[in-house]
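# Structure assessment
Chain by chain, the residues:
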Amino acid sequence: MTRQRVTAAIGVLSALGLCRAAYFHFLVEPDHPVRHFDREFRDVKEALPPEGEVGYVSDVSLDEAPGEVNEAGKEPYLEVQYAVAPVILRYGDATLPLVVVRLADPARLDEVLERNRLRFFSWAGPRIALARPR
């Protein structure tokens, strides 16, 4: 194999890699769910401290039965945890100074607050409230 062929092969592979990167950057990533999370949870992230721990409660339980996880409750929790990282969400902990309340049904806010002995602090999105312990 000659030096010119090796150089040409490297050039072709580089061009293919560049085209692949451009395809993903301009066509695939703009509609990626991660970008939607960033927009949806922007207000939550801004309302939380830059680091540390906050509580997390929801109207959809994460615990289903001993040793089992309710997938319907796990997905919303992980979405918020991803969006607010490096802040750590302590699931089910309503004793921390600030608690994120994620609601599948916003009409159940009062019920969730009462059950966890919390008082409403502010809204941080259409289905997310911030609360403090009573």
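This one's a predicted model, so the numbers in the text were calculated from it and none came from an experiment. (Residues numbered from 1 in each chain as written. Predicted model: local features only at pLDDT ≥ 70, side-chain atom pairs only at ≥ 80, totals over all residues. Heavy atoms only, no water.)

## Overview of the pattern of salt bridges
Just so we agree on the cut-off: Each reported salt bridge corresponds to a side-chain nitrogen of Lys or Arg within 4 Å of a carboxyl oxygen of Asp or Glu. For helices the rule is a DSSP run of H or I covering at least 4 residues; for strands it is a run of E covering at least 2, with both sets numbered from the N terminus onward.
Tallied over the full model, the rule gives six salt bridges. The salt bridge partner of Arg90 is Glu53, with a shortest N-O separation of 3.9 Å. Separated by 37 residues along the polypeptide, Arg90 in strand S2 (residues 88-91) and Glu53 in strand S1 (residues 53-58) bring together distant segments of the chain. Among the ionic pairs, Arg108 bridges to Glu111, the shortest N-O distance being 2.8 Å.

## What to know about the packing of aromatic side chains
This is how it is decided: Stacked, tilted and edge-to-face are the three classes applied to pairs of Phe, Tyr and Trp rings, where Trp contributes its six-membered ring and a pair requires centres within 6.5 Å; stacked means planes under 30 degrees apart, edge-to-face means over 60, and tilted covers the rest. We call a charge positioned over a ring when the NZ of a Lys or the CZ of an Arg lies within 6 Å of the ring centre and within 35 degrees of the ring normal.
By the definition in use, this model includes five aromatic pairs. Seen from their ring centres, Tyr23 and Phe24 are 5.2 Å apart, and the 80° between their planes marks the pair as edge-to-face. Ring geometry for Phe120 and Trp123: centres 5.7 Å apart, planes at 55°, overall tilted. These aromatic residues form a ring-pair network of at least three members: Tyr56, Tyr77 and Tyr91. The ring centre of Phe121 lies 4.0 Å from the NZ or CZ of Arg132, which sits over that ring.

Read these as geometric descriptors, not functional statements.
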